[in-house]
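# Structure assessment
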Amino acid sequence: MSLVRKIARTYFEYSNQSDMAQIGTLLTHNCTYYSRQLGFFVGQRKVIEMQTVFHAQYQLLSWEILSLKELKSNVIEIEFSFEGVLQNGEQQTRQGREHILTYNGLIQHIAVGL
């Protein structure tokens, strides 16, 4: 398995566990994150803060990787499905696409919904 695939799978695994400390170990210090729903975030601390707030909205949440496609040696495109239960009990399901770019074995950029 290529390094970028391993990083992507590990990132989704830690996300399913809502393990912000472990997610942080996968990110470069100056990483960036973009989501159509949430906007832009710059820096490891800001990305983790945003993800902490996002995860706290849910009683349960889970992503499933539907497909992985290496676009370049350090860029992967992921098709995923998401299921979650908000704190108020509302259920959410959706599918989407995420791109992860790596640099020196860490995540440099995440883009969701492109």
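Reference entry: report on the structure contained in this document.

Moving on, we come to the pairing of strand β1 (residues 27–35). Direction of pairing for β1 relative to strand β6 (residues 106–112): parallel, over a ladder of five bridges. From the neighbouring strand, Tyr33 faces β6, where its bridge partner is Ile110. Across four bridges, β1 lies against strand β2 (residues 39–42) in antiparallel orientation. If you follow Tyr34 over to β2, its bridge partner there is Phe40. The hairpin formed by β1 and β2 contains three residues between the paired strands.

Let us now look at helix α1 (residues 3–16). Helix length check: α1 (14 residues) gives 20 Å between terminal C-alpha atoms against 20 Å at 1.5 Å per residue, within 8%. Of all the positions in α1, only Val4, Ile7, Ala8, Thr10, Tyr11, Phe12, Tyr14 and Ser15 are classed as buried.

One pass over the structure, following the stated rule, counts five salt bridges. Of the charged contacts in the structure, one is a salt bridge between Arg5 and Glu70, with a shortest N-O distance of 3.0 Å. With Arg5 in helix α1 and Glu70 in strand β3 (residues 58–72), this pair connects stretches of sequence that are 65 residues apart. Residue Arg5 is classed as partly exposed on the basis of its relative accessible area of 25%. Residue Glu77 is joined to Arg97 by a salt bridge in which the shortest nitrogen-to-oxygen separation is 3.9 Å. Taken as a pair, Glu77 in strand β4 (residues 75–86) and Arg97 in strand β5 (residues 91–103) lie far apart in primary sequence, 20 residues in all. Look at Arg97 and you get partly exposed, because its relative accessible area is 33%. Residues joined in a network through salt bridges with shared partners are Arg45, Lys46 and Glu49.

The rules behind the values
- Residues numbered from 1 in each chain as written.
- Predicted model: local features only at pLDDT ≥ 70, side-chain atom pairs only at ≥ 80, totals over all residues.
- Heavy atoms only, no water.
- Pairing = 2+ DSSP bridges.
- Helix = DSSP H or I, 4+ residues; strand = E, 2+ residues; numbered from the N terminus.
- Expected span 1.5 Å × (residues − 1).
- Buried < 20%, exposed > 50% of the residue type's maximum accessible area, 1.4 Å probe, protein only.
- Salt bridge = Lys/Arg side-chain N within 4 Å of Asp/Glu carboxyl O.

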